[in-house]
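Residues per chain are reported as follows:
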Amino acid sequence: MHLPHSTLKQEFVKKWIMGLQRCKFSNKNMSILERKKAIKLSADTAMASARKGLTCWSRALISNPDRPVPTTTRRASSACKKIVKRSRRIRRTAKCGAARKGQITRSIAQCLVRKRTQILKSLIPGGEFMNEVCLIEETLDYITSLRVQVDVMRSLASASARASEPHN
Amino acid sequence: RRSRSKQSSVSSIADDQITDLVSKLQHLIPELRRRRFDKVSTSKVLQETCNYIRSLHREVEDLSDRLSQLLASTDSDSDQAAIIRSLLMQ
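Residues numbered from 1 in each chain as written. Chains lettered and ligands numbered in written order. Predicted model: local features only at pLDDT ≥ 70, side-chain atom pairs only at ≥ 80, totals over all residues. Heavy atoms only, no water.

1. Quick word on the overall build of chain B
Here is step 1: Each helix and strand counted, chain B has four helices and zero strands in total.
Here is step 2: Start at the N end of chain B and walk to the C end: the helices and strands fall as α-α-α-α.
Here is step 3: Evaluated residue by residue, chain B yields a buried proportion of 36% over its 90 residues.
Here is step 4: Accessible surface, chain B as shown: approximately 5900 Å² in total, 49% of it carbon and sulfur. (Helix = DSSP H or I, 4+ residues; strand = E, 2+ residues; numbered from the N terminus. Buried < 20%, exposed > 50% of the residue type's maximum accessible area, 1.4 Å probe, protein only. Areas by Shrake-Rupley, 256 points an atom, 1.4 Å probe, with all protein chains shown as cover.)

2. Quick notes on the interface of chain B and chain A
Here is step 1: Contacts between the two partners involve 43 residues from chain B and, on the opposite side, 50 residues from chain A.
Here is step 2: Contact between chain B and chain A buries roughly 4500 Å² in total, counting both sides, with carbon and sulfur atoms accounting for 75%.
Here is step 3: Counting across the chain B and chain A interface gives four salt bridges.
Here is step 4: Put simply, Glu59 of chain B and Arg154 of chain A hold a salt bridge, and the shortest N to O gap is 2.5 Å.
Here is step 5: Run the count over chain B and chain A and you get six residue pairs in polar contact (both at pLDDT 80 or more). (Contact = heavy atoms within 4.5 Å. Buried area = accessible area lost by both parts, 1.4 Å probe. Salt bridge = Lys/Arg side-chain N within 4 Å of Asp/Glu carboxyl O. Polar contact = N/O pair within 3.5 Å; in protein donor to acceptor, adjacent residues only side chain to side chain.)

3. Here's the deal with the pattern of salt bridges
Where charged atoms from two side chains of opposite charge come close, those side chains can pair.
Here is step 1: Scanning the entire structure with this criterion turns up 12 salt bridges over all chains.
Here is step 2: For the salt bridge of Lys24 of chain B with Asp20 of chain B, the shortest nitrogen-to-oxygen distance reads 3.6 Å. Of this pair, Lys24 of chain B and Asp20 of chain B both sit in helix α1 (residues 2-28), four residues apart, roughly one helical turn.
Here is step 3: Looking at Lys24 of chain B, the relative accessible area reads 45%, which means it is partly exposed.
Here is step 4: Asp20 of chain B sits in the partly exposed class, given a relative accessible area of 41%.
Here is step 5: Overlapping salt bridges, with partners in common, bring together Lys36, Lys40 and Asp44 of chain A together with Glu61 and Asp65 of chain B in one network.

4. Some remarks on helix α1 (residues 5-23) of chain A
Here is step 1: For α1 of chain A, with 19 residues, the first-to-last C-alpha span of 27 Å sits near the 27 Å given by 1.5 Å per residue.
Here is step 2: Those residues of α1 of chain A that fall on the buried side of the exposure criterion are Leu8, Lys9, Glu11, Phe12, Val13, Trp16, Ile17 and Leu20 of chain A. (Expected span 1.5 Å × (residues − 1).)

5. Side note on helix α6 (residues 132-163) of chain A
Here is step 1: Between its first and last C-alpha atoms α6 of chain A spans 46 Å; for 32 residues at 1.5 Å apiece the expected length is 46 Å, and the two agree.
Here is step 2: A side-chain oxygen of the first residue of α6 of chain A lies 3.1 Å from the backbone nitrogen of Val133 of chain A; this N-cap is Asn131 of chain A.

Now the structure itself:
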């Protein structure tokens, strides 16, 4: 299931070129915002289809490419901060025995893991349906694919920037 | 008693699997790769994973923005073809 980086990159480039040609992004009647959406959509679709249906996240992304991705989850992060504050307060109180402190620390750690797992589920396409093991496997694959996507988009941006510089 | 030990061995296999996966995650995330030889808590790994994914998403957004402006200036098909050729020479 795990592809070497270069193969994944080639697949992504191939699919992205197809997508870009199809959406005719250089159509002058497009607004900049429309063009940006088309570029991003074609990049996301290319990234997902490069996995050839082998991963859950790629299938979820293809079937629902416009899902809103939460950029900040303020509620979840403030809940985590409260948990950390509470754990510090408990550790400071001398009245707790060592065993009790250990128990509390463990349950706080479990609570943090649960909350952060929820956040991760909201970030991976199709994550809300995954169990823990599946979620982490999918996350590893998703991160690898995202890095390839960023890599290729970045080199296209620098190549285009160089191409649009006035020749001397 | 036999069934209980069977259950605990099944759940310890899942635990081992998760521990292994979490350590793979730790190696993948730049923020945590420097602490390769420390034991980083699972909750910390999860937190840094979420931060990393969010930053990658932001980069894709920014790059899409940049590309939409850069590619707006391609007037002819030949310019477009040149850009696509540069993509192919990855």
